[in-house]
Amino acid sequence: MGTTARYTKEDIKRIVEEENIRFIRLQFTDIFGACKNVAITKSQLNKALDNKCMFDGSSIEGFVRIEESDMELYPDLDTFMIYPWKPTPGKVARIICDVYRPDGTPFDGDPRYILRRVLKQAADMGFTFNVGPECEFFLFQTDENGEPTTKTIDNGSYFELGPVDKGEDARRDICITLEDMGFEIEASHHECAPGQHEIDFKYSEALTAADNIMSFKLAVKSIAERHGLHATFMPKPIFNEAGSGMHINMSLCRDGKNAFYDPEDKNGLSDIAYSFIAGIIEHAKGMTAITNPLVNSYKRLVPGYEAPVYIAWSTQNRSPLVRIPSSRGEGTRIELRNPDPSANPYLVLAVCLAAGLDGVRRGLTPPPSIDSNVFKLTDDEREAMGVENIPDNLDRAIRAMKKDSIIHETLGSHAFRKYVAYKQAEWNSYRNVVTKWEIDQYLGRY
């Protein structure tokens, strides 16, 4: 979305020759956030750069029926990157692609297109949307067959350093690799739970940020595997330990200035910021099936840990859904704390922006900020303040999503229908399973 292109077709052809790149992965994302690719050899590069690479869309989850299956990949040249972890000779590069129909129209189920569409709405209002993600993950040991276990490689705690943190070497290698890929790493540390880590990278314009999250997840998994470990972005892999979040820091810019900042306001926030917060709060329930898309996501969103449960905002503490970090001026931003890293980043950023812009368009005012620890309030106190809960399971989240016309409009009918149907099937599959907990609790008693 930048004003100047980083690469031309000729640049890419030249680099492929000079660097002896043997394979190019044409990468795209399905509706549920899985990274897909069509691998081509360099002999096919010209065809790919002319948008003539086709694939079968009916084989991709949530795309199209078999009778309308032909899809074309349009490479976004600025996303060309050589994978640093692939051995030479025969390097591998990737280009992130937009998905089009054969008639030359964008495919309305492509998550990247869904985000582009909302970014266009923001641009029409004079805004650009900047995003800084905080991605947490677990590093686990693998068994003798290379399959993942839930055994951690350390007993470290928050901000722990080696030798306790055995994941330090892997995390350092991941950071170096990400920097080789062009990331600007702002922070890297051990998180609360054993085996849990967080790496934060510098904010960027939203489409780039979503691309970066996908690249980040691929790099983390690839480097962990090289260390004989399994990296997972599953939200809650260990009972009684903190889960993994993907906090989203957001700001709007207008005319090169942070549109959320107002030095005259007691909180340093502009009317646009307040309305954006109000939009997020109004659509929080409808967004949850996107920001927290798995049955397992809701095992993280429970009281007693740092993950948010209540729909509230604050400039003072970390317990509500929306937090305003202390930085002001160009650093003024809002942090949405419930998303987890299993979510599709394109859809998460699309619904965050759409919800916020809805608040700005309508001039909404948020409820009063909750500056005490919302977890320590009684149910009656929360009710008196009008503080509601986000959905506490995937079924309720899908029901809330179906009622939210802004979320429906943002995803578009095709993606909305596919997403809801798939997630309802996922919930029903889970609901039908008899768990070990039930056997332990009931088999001997009844």
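In this text, all values refer to a predicted model and were calculated from it rather than measured experimentally.

Averaged over all residues, the pLDDT of the chain equals 87, while 92% of them reach at least 70. Mean pLDDT across the secondary structure elements of the chain bottoms out at helix α9 (residues 379-385), with 71, and peaks at helix α8 (residues 345-362), with 98. Across residues 156-164 the pLDDT falls below 50, and counting only partners more than four positions away or on other chains, this stretch makes 18 contacts in the model.

One pass over the structure, following the stated rule, counts 17 aromatic pairs. With 5.5 Å between their ring centres and 10° between their planes, Phe-138 and Phe-140 make a pair best called stacked. With relative accessibility at 0%, the residue Phe-138 sits in the buried group. Judged by its relative accessible area of 2%, Phe-140 falls in the buried class. By way of ring pairs, the aromatic residues Phe-137, Phe-183, Phe-201, Phe-216 and Phe-233 are connected into one cluster. The residue whose ring lies beneath Lys-217 is Phe-233, and the NZ or CZ to ring-centre distance is 5.7 Å.

Side-chain positions along a regular strand alternate between the two faces of the sheet. In this structure, strand β1 (residues 21-29) lies alongside strand β2 (residues 35-41), joined through 7 bridges in antiparallel fashion. When the sheet's bridge partners are listed, Gln-27 is paired in β2 with Asn-37. Hairpin geometry of β1 and β2 is characterised by an intervening segment of 5 residues between the two adjacent antiparallel strands and by a positive phi of about 90° at Gly-33.

Our focus in this paragraph is the pattern of salt bridges. Going through the model one piece at a time under the given rule, you end up with 23 salt bridges. One salt bridge connects Arg-362 with Asp-358, and the closest N-O pair in it is separated by 2.7 Å. Residue Arg-362 and its partner Asp-358 are located together in helix α8, separated by 4 residues, close to a single helical turn. Note that Asp-392 and Arg-396 form a salt bridge whose closest N and O atoms lie 2.5 Å from each other. We classify Asp-392 as partly exposed; its relative accessible area is 45%. Each of the salt bridges in this network shares a partner with another, and the network as a whole consists of Asp-76, Asp-98, Arg-112, Arg-116 and Asp-211.

Another point: helix α6 (residues 271-291). The end-to-end C-alpha distance of α6, which contains 21 residues, comes to just 26 Å, noticeably less than the 30 Å that a straight helix rising 1.5 Å per residue would cover. Along its length, α6 reaches its greatest deviation from straightness, about 70°, at Ala-284. Among the 21 residues of α6, 18 are classified as buried, and the element is accordingly described as predominantly covered.

For Glu-72, the position within the fold is in strand β4 (residues 70-75). Buried and without a salt bridge, Glu-72 has Lys-52 as its closest oppositely charged side chain, separated by 9.2 Å. In this structure Glu-72 touches Asn-51, Cys-53, Met-54, Asp-98, Val-99, Tyr-100, Arg-101 and Pro-102, once residues within four positions along its chain are discounted.

Let us now look at a nonpolar patch on the surface. A surface patch of nonpolar side chains, amounting to about 300 Å² of accessible area, comprises Val-434, Ile-439 and Leu-443. Tracing the sequence through the fold places Leu-443 in the segment after α12 (436-442). On the basis of relative accessibility, which here comes to 61%, the residue Leu-443 falls in the exposed class.

Residues spaced three or four apart along an α-helix point in a common direction, a consequence of the helix completing one turn every 3.6 residues. Counted at 1.5 Å a residue, the expected span for α8 with its 18 residues is 26 Å, and the 26 Å between its end C-alpha atoms agrees. With 16 of its 18 residues buried, α8 lies for the most part within the structure.

So, about the pairing of strand β7 (residues 128-142). For β7, a buried count of 12 out of 15 residues is recorded, marking the element as mostly surrounded by other parts of the structure. Taken together, the 8 bridges between β7 and strand β13 (residues 246-254) define a ladder with antiparallel strand orientation. Each residue of the ladder has a partner; that of Glu-134, found in β13, is His-247. Where β7 and strand β11 (residues 204-205) come together, 2 bridges link them in antiparallel fashion. Residue pairing across strands places Val-131 opposite Ser-204, the latter belonging to β11. In this structure, β7 lies alongside strand β10 (residues 196-201), joined through 5 bridges in antiparallel fashion. Bridge assignment links Glu-134 to a residue of β10, and that residue is Asp-200. Here β7 pairs with strand β12 (residues 229-232) via 4 bridges, running antiparallel. Within β12, the position partnered with Leu-139 by the bridge is Ala-231.

With that settled, consider a negative patch on the surface. A contiguous patch of negative charge, built from Glu-179, Asp-180, Glu-184 and Glu-186, is present on the exposed surface. With respect to the helices, strands and loops of the structure, Glu-179 is situated in helix α4 (residues 168-180).

Inside soluble globular proteins, nonpolar side chains tend to come together where they are buried. Counting residues in hydrophobic clusters, the biggest one holds 97 residues, and the most contacted among them are Phe-129, Phe-216, Leu-252, Phe-276, Ile-280, Leu-349 and Met-401. If one sorts the elements of this core by residue count, α8 sits on top with 12 residues. Apart from the residues lying within four places of it in its own chain, the contact partners of Phe-276 are Phe-129, Met-250, Leu-252, Phe-260, Ile-334, Cys-352, Leu-353, Gly-356, Leu-357 and Val-360. If you look at the next biggest cluster of nonpolar residues, it comprises 24 residues, including Leu-26, Leu-45, Leu-77 and Ile-95.

About the thresholds
Residues numbered from 1 in each chain as written. Predicted model: local features only at pLDDT ≥ 70, side-chain atom pairs only at ≥ 80, totals over all residues. Heavy atoms only, no water. pLDDT = per-residue confidence, 0-100. Helix = DSSP H or I, 4+ residues; strand = E, 2+ residues; numbered from the N terminus. Contact = heavy atoms within 4.5 Å. Phe/Tyr/Trp six-rings, centres within 6.5 Å; stacked < 30°, edge-to-face > 60°. Buried < 20%, exposed > 50% of the residue type's maximum accessible area, 1.4 Å probe, protein only. Lys NZ or Arg CZ within 6 Å of the ring centre and 35° of its normal. Pairing = 2+ DSSP bridges. Salt bridge = Lys/Arg side-chain N within 4 Å of Asp/Glu carboxyl O. Expected span 1.5 Å × (residues − 1). Bend = angle between axes of the 7 residues up to and from the residue. Lys, Arg positive; Asp, Glu negative; His and termini not counted. Patch = residues over 30% accessible without salt bridge, like charges linked within 9 Å, V, L, I, M, F, W, Y side chains within 5 Å. Areas by Shrake-Rupley, 256 points an atom, 1.4 Å probe, with all protein chains shown as cover. Charge placed at Lys NZ, Arg CZ, Asp CG, Glu CD. Core = buried A, V, L, I, M, F, W, Y, C linked by side-chain atoms within 4.5 Å.

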